[in-house]
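Structural description and commentary
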Amino acid sequence: MPYKIYTYTNPYELNRTSFWPEIKNLPHFCVARTLVNGLVDVMRNSIGGLICPLDELVKHKEIYGTWEGNVSRRIEQHSYLTTLFHAAKEKSTDPRKEEFFGALHKNQSEFLDSIRLFIELGIPASSLYPDLALKEQKAFIRVLRKIQTENDRVFRFPSAPSKDDLKKAIDALADKELDDYKEQMSKAGHSIDERHLHWLNKVIQTTKTSPLKGIVVHGVHQFSPVQIRLITEIEKLGLTVYFLFNYQSKYSEIYDTWMNIYGNFDA
């Protein structure tokens, strides 16, 4: 069963749930650092494996680091569009080309965001219909088709990570949690908490010595396209993805959004 959904009513007693022994030693990825810190404060010694924000896995160099959060790559992509728009403007015989290309230039960041979104979601330009499109939409389709046809390096989305890539990234993130803690304490002028240090070293050992059988995703109520892509690829590797979030049945209406989101997974 590739996807599992577990919910809990009391975040202060998460480690007392019936399912906790099943997942405690797996790598845990949270919606934000705030949740990581909260869980560690409440039940540090009950957490056996790595725990860190989900985006740190997504942006790791072994995963999608050449795309997500990569400022240099985005600048390259922006420059690519600038060159493309300039060349198209030079060839255009449209009497209103100054107005049209001026609008494209003004909204170039949004145009780039849209191109990246279609690439992240794996939507081919061939699925779009330029005959029914507005002028601006036709320009978008032409650019997307050119990028996808030429398989341009600047816009090439990273290959799906292998199980070894994923394991290497997770092991490295466990080391990073320890390094970041030491650096944080040093900058703040605080002494190292030996109990916390001991726990972090245990986490590193458990993470590195345990076979990778799955991951746990905590508290995500809105997935980015790249997060969805990674989770899908992890499931394809035969690993179990556990989704974990707080749920109060007596306030079910409040959680409708959560149920709609997680209802899209075969879980």
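Look above for the structure.
Note that the coordinates shown come from a computational prediction; the quantities given were computed from them, not determined experimentally.

Right, let's talk about the sheet that holds strand β5 (residues 240-246) for a bit. Strand order in this open sheet of five strands is β1-β5-β4-β2-β3, and the pairing throughout is parallel. Looking at strand neighbours, the two that pair on one side only are β1 (3-8) and β3 (51-53), the edges of this open sheet. Between one strand axis and the next, the sheet turns through 25° on average, direction left out of account. As judged from the three bridges shared by strand β2 (residues 28-30) and strand β4 (residues 214-218), these two strands associate in the parallel manner.

Right, let's get into the environment of L166. If you trace the backbone, L166 turns up in helix α8 (residues 163-188). Put simply, L166 and I234 are 68 residues apart on the chain and 8.4 Å apart in space, counted from C-alpha to C-alpha. Ignoring any residue separated from it by four or fewer positions in sequence, one finds L166 in contact with L57, I63, L212, I234, L237 and L239.

As a further point, take the pairing of β4. Across the five residues that make up β4, a large majority, five, are buried. Neither face of β4 is exposed, since G214, V216 and H218 on one face and I215 and V217 on the opposite face are all buried. Judged from the five bridges that link them, β4 and β5 form a sheet pairing that is parallel. Across the sheet, I215 pairs through a bridge with V241, a residue of β5. This β-α-β element, β4 to helix α10 (residues 225-236) to β5, shows right-handed connectivity.

Below, the discussion takes up the pairing of β5. Where a strand is regular, its side chains alternate between the two sheet faces. Where burial is concerned, most of β5 is hidden: six out of the seven residues are buried. Judged from the six bridges that link them, β1 and β5 form a sheet pairing that is parallel. By the bridge assignment, K4 is partnered in β5 with Y242.

Conventions used here
- Residues numbered from 1 in each chain as written.
- Predicted model: local features only at pLDDT ≥ 70, side-chain atom pairs only at ≥ 80, totals over all residues.
- Heavy atoms only, no water.
- Pairing = 2+ DSSP bridges.
- Helix = DSSP H or I, 4+ residues; strand = E, 2+ residues; numbered from the N terminus.
- Axes fitted to C-alpha atoms, helices over the stretch in contact; angles between N-to-C directions.
- Contact = heavy atoms within 4.5 Å.
- Buried < 20%, exposed > 50% of the residue type's maximum accessible area, 1.4 Å probe, protein only.
- Right-handed = clockwise from strand over helix to strand, strands pointing away.

Shape is all these values report; function is a separate question.
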